[in-house]
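# Descriptive analysis of the structure
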Amino acid sequence: MDTPLLRLAGLDKRFGERAVFSGVDLDVKRGDRIAIIGASGSGKSTLLRCINFLEHPDAGRVILNGEPVGAERQRAGATGIRYDEGSLNRLRQRVGMVFQQFNLFPHMTALGNVMEGLVTVKRMARDDAARLGLAELARVGLADKAEAYPAHLSGGQKQRVAIARALAMEPEILLFDEPTSALDPALVGEVLDAIQTLAAEGRTMILVTHEIGFAYHMATRVLFLAEGGIYEQGTPDEVLKAPRRPLTQAFIAGHRRFSF
Amino acid sequence: MTYRWDFTPLLDNWQALAMGAVGTLRLFAVCLVLGLGFGLVVALARRSRWRAARWFSIGFIEFFRNTPVLVQILWFYFALPMLVPVEITPFTAAILGISLNSAAYSAEIYRAGIQSIEPGQWEAARAIGMSGLQTLRRIVLPQALRRVLPALTNRGIEIFKMTTLASVVAYIELLHQGRLIASLNFNPLEVYSVIGALFFLFLYPLVRATYALERRLARSD
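Residues numbered from 1 in each chain as written. Chains lettered and ligands numbered in written order. Predicted model: local features only at pLDDT ≥ 70, side-chain atom pairs only at ≥ 80, totals over all residues. Heavy atoms only, no water.

With that settled, the discussion passes to the overall build of chain A. Regarding its fold elements, chain A presents 9 helices and 12 strands. For chain A, whose C-alpha radius of gyration is 19 Å, the value lies close to the compact-globule estimate of 18 Å for 260 residues. For chain A, the spread of C-alpha atoms along the three principal axes comes to 55 × 50 × 40 Å. Buried residues in chain A amount to 53% of all 260 residues. (Helix = DSSP H or I, 4+ residues; strand = E, 2+ residues; numbered from the N terminus. Rg over C-alpha atoms; globule rule 2.2 N^0.38 Å. Buried < 20%, exposed > 50% of the residue type's maximum accessible area, 1.4 Å probe, protein only.)

Now the structure itself:
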């Protein structure tokens, strides 16, 4: 019963010579909502992208439901980990992702976007996929836009379609990579509302965000990334209201400077 | 000095011209499918994770891009049978020369199209569990092909016109038949004017059709 839904164990990531983070450990239990904050370049998005292997960690393991992803291999005396495409594809079906730039498929309608994974990956019949896809679009309030192409949707609508696309796969964890950063301020609210609804359903999610206020209200736990790792973590009240360490304090102070 | 145009020899030989037209269209259709089809294979090989495939692709492209089609057709027709015991018809020699050259060119077009697709498209597809091949087939290629359609149309036009090179190995196509009629009737002005016009008449509607296709594909804009 204690097995966390997701465990990161000693995760390292470097780009060339530069270490983005090292030795990151994290346990995510079912129903956790984790907000990851930190300065630009602190590795928030990279950490998130290591969870579904859009970036491959250089060391450490990603463990989903007690099962480590990838197989250990001995090569030239060193232990490496080999990730075969099949197991990564299965992992990705269980871990949904929403991107900063939406990344909708522009040649497909909103419904087509939501159906794509169901038809192509889950091999669902088109009728069933369409029914399910419409239900997911309705959940984010876009049932009437099912036949619209992404080019004809607003940024907020695009992001909600992207959320529906991720939800359709029935993932066990949802990853949000700065989901509102590319939006007009006026459109941020509708996307946050959609995420809030998912939070209220008790879904497990990890959210990289600059919306500190939203993180405060939505998250069950906040991680502050700095100096190549998790610099401080705790409840939203602990990290955001009463940060203990200097970099966190400076970061939060910077964000509060213009609050009113 | 006024030249008296006389099209009667051409009209009398309409069956020969029709045979030539059929030969041209047949060669064009085969080379279009093989050239553009194999070009895609070569383009994908260039992105392969296997080094041997990448090397093959680059070598193929550079070899066939940088040698004249006319020389290739002659080589396949006259030289290849001296090396290996195969019977090469004029049709086969022309198909080989034109298709392989077109594959080399179109491979570069496909490559440019695939590279122009934002990494986010790959990532979004992979993030819902699609395999690399599924992503390519469902997400990347449909968008890439749409972007390179004008360039592929150019290739198609070029292939159509390159069919005339097959006349050098006596393949029966429009130019070959025209030259025959012209040499028998001493009327090159009429013959080559009509041959040129026939090419335009065949090609222009085809080009219009690709414009229509472009518009149809643009409905998601």
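Alright, that's what it looks like, and here's the rest.
Listed by partner, the interface residues are 26 residues for chain A and 21 residues for chain B. Summing both sides of the interface, chain A and chain B together bury roughly 2,000 Å²; the carbon and sulfur share of this comes to 55%. Connecting chain A to chain B are 9 residue pairs in polar contact (both at pLDDT 80 or more). If you list the elements that add at least two residues to the side of chain A that touches chain B, you get helix H2 (85-94), strand E8 (95-98) and helix H3 (110-121) of chain A. In terms of residue class, the side of chain A that touches chain B is made up of 12 nonpolar, 8 polar and 6 charged. (Contact = heavy atoms within 4.5 Å. Buried area = accessible area lost by both parts, 1.4 Å probe. Polar contact = N/O pair within 3.5 Å; in protein donor to acceptor, adjacent residues only side chain to side chain. Nonpolar A, V, L, I, M, F, W, Y, C, P; charged D, E, K, R; others polar.)

Now for the packing of aromatic side chains. Under the definition given, this model contains 16 aromatic pairs over all chains. For the ring pair Phe224 of chain A and Tyr231 of chain A, a centre distance of 5.8 Å and an interplane angle of 75° mean the geometry is edge-to-face. With a centroid separation of 5.1 Å and an interplanar angle of 50°, the aromatic rings of Phe224 of chain A and Phe251 of chain A are classed as tilted. Residue Phe224 of chain A is found in strand E11 (residues 221-226), and its partner Phe251 of chain A is found in helix H9 (residues 246-256); the two are separated by 27 residues along the sequence. The two residues Phe224 of chain A and Phe251 of chain A agree in class, both being buried. Each member of the aromatic cluster is reached from another via a ring pair, and the members are Phe38, Phe56, Phe60, Phe63 and Phe64 of chain B. (Phe/Tyr/Trp six-rings, centres within 6.5 Å; stacked < 30°, edge-to-face > 60°.)

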